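Residue strings, one per chain:
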Amino acid sequence: MEESKKFYITTPIYYPSDNLHIGHTYSTVQADAISRYKRMRGYDTFFLTGTDEHGQKIEDKAKAAGVTPKEYVDKIVAGIKDLWKLMNISNDKFIRTTDEYHEKAVQYIFQKMYDKGDIYLGSYEGLYCKPCESFWTETQAVDGKCPDCGRPVIKASEQAYFFRLSKYADRLLEYYDSHPDFFAPSMRQAEMVNNFIKPGLQDLCISRSTFKWGIPVPINPDHVIYVWLDALTNYITALGYASEDDSLFKKFWPADVHLIGKDITRFHTIYWPAFLMSLDLPLPEKVYCHGWVLLDGGKMSKSKGNVVDPVKLADRYGVDPLRYYLLREVAFGADGIFSNENLINRINSDLANDLGNLVSRTVAMVDKYFGGTIPEQRESGEFDDDLKAVAAEAKINAEKYLDSLNFSESLASIWKFISRTNKYIDETAPWALAKDESNRARLAQVMYNLCESIRIISVFIAPFLPETSSKIRAQLGLGEATDWEECGVFGKEETFSVVKGEIIFPRLDLEKELEELASLNKAAENPLKAEIEGVAKIGIDDFAKVDLRAAEITGCVPVKKAKKLLELTLNDGTGEPRTVASGIALYYKPEDLIGKKVILVSNLKPATLCGVESKGMILAADSSDGVKVIFVDGVEPGTKIR
Ligand code: MSP
């Protein structure tokens with residue numbers, strides 16, 4: 001990575017079509033770790049994430065849910081923002097492609113490319129994958145299946161605007177050759193060149209007229225801008241490109257790293273650089289294409305029903321164990337297999353045993369032998385130099401790997417030092433030193449070295465496990481780790497006064513956890529079943545206490561000052577009218593109800609709602625598209641229902 005004092009990193013912007021799963025979390029957690037590291041190294045850092053909200057898929061889903069596309073995405077985007085908060089993601093900005101400034105800038109970009117002659121109107125015929133919103137050629141769509149998701153493609157044709165991608169093929173190849181660090185891992189370069197550029201780049205379709213949910217083409221409002229031009233440009237519009245205030249753009253562009261999953265490599269290393277060339281803008285320094293988090297060798301997908309919910313795991317085990325697992329378990333650029341068993345084992349071995357134990361043992365010993373504060377009189381001895389040497393080596397390796405975005409090797413280097421520190425306890429045997437008063441100065445040095453090592457570890461892990469770093473430092477009586485260089489100094493603190501805290505990573509019972517997770521997953525597969533099974537059981541006597549009667553609605557008026565309430569007059573068979581206030585005004589008009597028979601809970605205690613004394617309630621279903629009153633036909637008012 002180029003050494004400059006600014007650092008701009010992006011994650012992909014996520015489709016808010018469903019809730020995100022643990023695979024999506026992987027991209028964002030990596031970007032967060034590297035951003036925190038860069039900040040600790042004094043870089044002026046800008047970390048961008050967001051959501052990619054247009055396209056036919058969203059339009060279709062919103063339609064099926066009976067809401068507008070914006071209403072549909074608003075709800076899911078709120079959940080995505082909550083997830084990032086939960087995962088302790090330190091993004092500097094969250095862009096939504098429905099943000100007005102983005103939409104305006106995308107139209108400006110379209111116009112600029114059009115004026116330059118890089119966009120023309122043509123007609124597109126191809127094989128279209130609806131879920132991926134991608135057109136493919138015959139050679140790409142082997143056996144009529146989408147090469148990205150494996151689902152069938154359909155023949156489609158439409159008039160559309162095209163971007164002259166073919167014009168940029170040579171310049172792209174030149175750029176790759178002169179920028180050997182552009183692709184990470186580097187093998188992706190050959191893949192792109194051989195599979196896409198050498199067979200001949202085709203011009204790119206960048207508009208659609210078959211759906212409406214997109215940014216209108218400025219020169220032809222019958223078309224909306226097709227999703228990749230809209231999506232990729234977020235990386236510059238978020239910085240204020242083509243807006244009144246483009247100071248962030250001037251400061252941070254070009255991006256230092258676009259961090260993406262390998263499935264969207266083509267879009268980021270071919271389309272995006274070509275768009276930027278067309279706009280006469282510099283290209284990003286690096287595109288890091290990470291592998292997938294898989295389940296039993298297969299891809300996680302909502303349609304397969306095999307998604308892993310990060311919220312459930314974080315609730316159960318904490319956020320840092322989940323961050324650690326993702327960053328450690330998946331090797332650089334490769335796919336990794338998620339399994340509950342691996343997760344629990346990692347928590348137990350690396351976090352509870354290696355790290356957690358080291359901290360709790362050390363703090364307990366300082367407390368026991370020195371009443372919490374290490375004396376100043378100390379004496380060096382065997383093993384001290386080796387401990388320091390391993391700390392220095394860990395720093396070199398942790399940095400080397402982090403700078404090349406190899407999170408798992410960086411963590412492995414740090415854990416080498418953690419193991420070395422644990423070994424130091426065995427070698428120096430403080431419990432034996434404590435038996436003899438004449439060893440007091442040596443014991444003090446051993447305790448000091450342990451606390452210094454733990455302080456260094458707290459700096460090392462701060463980008464990966466921010467919450468754990470703070471918890472550990474609190475036990476050493478220190479504030480937050482903010483300066484990365486502090487992991488390079490052995491002997492920084494003069495002494496330590498420790499504060500005993502709770503166990504940071506309690507050990508987990510593997511068998512029990514696997515059972516619990518299996519039942520949680522079952523609940524996720526059939527949430528309705530789990531919900532019904534989770535409702536407390538009642539006896540027939542309890543049910544018999546509810547008096548249900550058929551009743552006819554004879555009158556109905558809106559309740560003033562209460563938008564949701566209707567005042568109903570019911571014939572309950574007694575000959576005396578009964579008043580009931582019901583919260584159904586948003587779903588029914590009085591004329592829809594008068595004359596209808598409903599089910600009345602007749603023995604509900606009276607209550608006054610917005611000035612109406614309501615004697616009972618009527619039964620209604622809370623269905624996904626609103627409240628539906630239960631009507632009963634052919635039953636006389638007053639008839640008992642059970
Ligand atoms: N909206 C586009 C990206 C536009 S970027 C200008 C998109 N969105 S996505 O929500 O489908 O995927 C976002 C990212 O999540 C992609 O980088 C994708 O590779 C990544 N992942 C989705 N499933 C994943 C795993 N199972 N494992 C790892 N990453 C995964 O693509």
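First things first, this report covers the structure right here in the doc.

What to know about the site of the ligand
Taken together, 22 residues are adjacent to the ligand, and Ile13, Asp52, Gly261, Asp263 and Val293 come closest. Expressed as a share of its isolated accessible area of 660 Å², the protein-covered part of the ligand is 94%. Secondary structure elements with two or more residues in the shell around the ligand: strand S1 (6-14), helix H1 (22-40), helix H7 (227-232), helix H8 (234-237) and strand S12 (257-261). Residues of the shell around the ligand, tallied by class, amount to twelve nonpolar, eight polar and two charged.

A few points about the sheet that holds strand S10 (residues 216-217)
The three strands lie next to each other as S9-S11-S10, forming an open sheet whose pairing is antiparallel. With one partner strand each, in any of the chains shown, strand S9 (207-208) and S10 form the two edges of the open sheet. Here S9 pairs with strand S11 (residues 220-225) via two bridges, running antiparallel. Counterpart to serine 207 in the pairing with S11 is isoleucine 225.

A look at the packing of aromatic side chains
Counted by the stated rule, this structure contains 28 aromatic pairs. Where tyrosine 175 meets phenylalanine 182, the ring centres are 5.3 Å apart and the plane angle is 85°; that geometry is what we call edge-to-face. Judged by its relative accessible area of 0%, phenylalanine 182 falls in the buried class. Three or more aromatic residues link up through ring pairs in this structure, and these residues are Tyr8, Phe46, Tyr108, Tyr235, Tyr241, Phe249, Phe252, Trp253 and Trp272.

Observations concerning the packing of helix H6 (residues 187-197) against helix H10 (residues 265-278)
Each pair of packed helices can be summarised by the angle the axes make with each other and by the distance between the axes. Between H6 and H10, the shortest axis-to-axis distance is 11 Å and the interhelical angle comes to 70°. Comparing the axis directions of H6 and H10 gives the class roughly perpendicular. Contacts from Arg188, Met192, Phe196 and Ile197 in H6 reach Thr265, Arg266, Thr269 and Ile270 in H10. Residues belonging to the contact of H6 with H10 are distributed by class as follows: four nonpolar, two polar and two charged.

What counts, and where the lines are drawn
Residues numbered from 1 in each chain as written. Predicted model: local features only at pLDDT ≥ 70, side-chain atom pairs only at ≥ 80, totals over all residues. Heavy atoms only, no water. Near = heavy atom within 4 Å. Areas by Shrake-Rupley, 256 points an atom, 1.4 Å probe, with all protein chains shown as cover. Helix = DSSP H or I, 4+ residues; strand = E, 2+ residues; numbered from the N terminus. Nonpolar A, V, L, I, M, F, W, Y, C, P; charged D, E, K, R; others polar. Pairing = 2+ DSSP bridges. Phe/Tyr/Trp six-rings, centres within 6.5 Å; stacked < 30°, edge-to-face > 60°. Buried < 20%, exposed > 50% of the residue type's maximum accessible area, 1.4 Å probe, protein only. Axes fitted to C-alpha atoms, helices over the stretch in contact; angles between N-to-C directions. Parallel < 35°, antiparallel > 145°, perpendicular 65-115°, else oblique. Contact = heavy atoms within 4.5 Å.

Interpretation in functional terms is not warranted from these geometric data alone.
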